[in-house]
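Letter by letter, the chains look like this.
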Amino acid sequence: EWTYETWIKVDPEASIGDKDANAGKDTNGACIMERSRNFELYLIEDDNADFAIKYNRLNSDNEAVGTMQSDQSSVNLKFNEWAHVAISRSASDNTAKFYINGVLVDSSTDDLWIQPVDDTWLDFNYMYRGGEINFFKGSFDNIRVSYSDRYPTAFTPNQYERFAVDSNTLLQMDLDNNLTPFDPVNNFDKVDIKGVYSYYIQVVNTVTWTSEDYVLPTGD
C-alpha cells in the first residue's frame, strides 16, 4: 500500500506535453514527480482546460505499460491555481487510484500498478532519463509519501492543513521554508523533512523560495 501526494500551482510558462505521447521522456510535459522505471506524473494538454495530468506506470526502459490521465475527467485545471494531486493503492482490494482535488479521475485493479520496493529514488520537478529533463515551472506545497492508502474513497483536500506524522509517514515536506544550512562549501541547504526517511533532500537555489501567508481555520 502507498500514497504519493502534493499540492501544485502551475505557471503559465510551464511546458504542457502531448497527451498522446507514450511516456514522459517523449512528451515534453513538465514533471511533477517520478521514480525512474517505476512511475511518472506530468502535465499534458486538455482541450477544455489549461492543462491536465498524466500518470504512467513505467517498465525498465521507462516506457509506459499503464496510463491514467485527467483530460477526459470532470476536473478542469487552471494556471496559477493550487491543485491537489494524489496517487494511491490499496492492497486489500488491489485498486490503484488517481485523484485530483480529491476527485477520482481514474482507477485500476491491474497488478501492474504494484510498485517495486527496491527503488529509493524519488524526483520532484524533473525527470532523469540519462539527464535531467522536463523541468516544472510553478510551486509545490505539502508533499507526502506514505506506506498506506490514505484515500480509499473521494475526499476534500485542505491545503492549509499540516499533516500529523504517523507510523505510515515515509516522507513529509511542509515546505514552509524550514531550511537548514548543510554544506557551506558547496553552498546548499537541506529542506526540513518529517517521517522515517533518513536521508536528506538538497535545495540548491533558494532565491525564488517563497512561503505564502496562510490563515489557518479556527474553531472545532
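Residues numbered from 1 in each chain as written. Predicted model: local features only at pLDDT ≥ 70, side-chain atom pairs only at ≥ 80, totals over all residues. Heavy atoms only, no water.

Undergrad: Sorry, what's going on with the packing of aromatic side chains here?
TA: Each aromatic ring pair is specified by the distance between its two centres and by the angle formed by the two planes. Scanning the model with the defined rule gives eleven aromatic pairs in all. Pairing Phe51 with Phe79 gives two aromatic rings, centres 5.7 Å apart and planes at 25°, and the pair type is stacked. Taken together, the residues Phe51 in the loop between strand E3 (39–44) and strand E4 (52–58) and Phe79 in the loop between strand E5 (64–69) and strand E6 (82–90) connect sequence positions 28 residues apart. Owing to a relative accessible area of 21%, Phe79 belongs among the partly exposed residues under this scheme. Between Tyr99 and Phe155 the ring centres are 5.2 Å apart and the planes differ by 70°, which places this aromatic pair in the edge-to-face class. In this pair, Tyr99 sits in strand E7 (residues 95–100) while Phe155 sits in the loop between strand E12 (138–146) and strand E13 (169–173), placing the two residues 56 residues apart along the sequence. Aromatic rings pair up to connect Trp2, Tyr4, Phe39, Tyr55, Phe98 and Trp113 into one cluster. (Phe/Tyr/Trp six-rings, centres within 6.5 Å; stacked < 30°, edge-to-face > 60°. Helix = DSSP H or I, 4+ residues; strand = E, 2+ residues; numbered from the N terminus. Buried < 20%, exposed > 50% of the residue type's maximum accessible area, 1.4 Å probe, protein only.)

Undergrad: It is not clear to me how the side chain of Arg57 should be interpreted in this structure. Could you clarify?
TA: Inspection of the secondary structure assignment puts Arg57 in strand E4. Judged by relative accessible area, Arg57 falls into the buried class, the value being 10%. A distance of 2.7 Å separates a polar side-chain atom of Arg57 from the backbone oxygen of Leu112. For Arg57, the residues in contact, after removing those within four places along its chain, are Arg37, Asn38, Glu63, Ala64, Val65, Gly66, Leu112, Trp113, Ile114, Gln115 and Pro116. (Polar contact = N/O pair within 3.5 Å; in protein donor to acceptor, adjacent residues only side chain to side chain. Contact = heavy atoms within 4.5 Å.)

Undergrad: I tried to follow the environment of Phe124 on my own but got confused; where do I start?
TA: Here Phe124 shows up in strand E9 (residues 123–124). Take Phe124: its relative accessible area is 15%, and that puts it in the buried class. In contact with Phe124, other than residues within four places in its own chain, are Ile32, Met33, Ile143, Met173 and Ile201.

Undergrad: Sorry if this is basic, but what is going on with the sheet that holds E13 here?
TA: Whether parallel or antiparallel, the strands of a sheet pair through hydrogen bonds between backbone atoms. Within the open sheet, the six strands sit side by side as E8-E7-E6-E1-E12-E13. Their pairing is antiparallel. At either margin of the open sheet sits one strand with a lone partner, and together these are strand E8 (103–108) and E13. Taken pair by pair, the neighbouring strands of this sheet meet at an average axis angle of 15°, ignoring direction. Summarising the sheet, E12 and E13 pair through four bridges and their orientation is antiparallel. Among the inter-strand pairings, Ile143 is bridged to a residue of E13, identified as Met173. (Pairing = 2+ DSSP bridges. Axes fitted to C-alpha atoms, helices over the stretch in contact; angles between N-to-C directions.)

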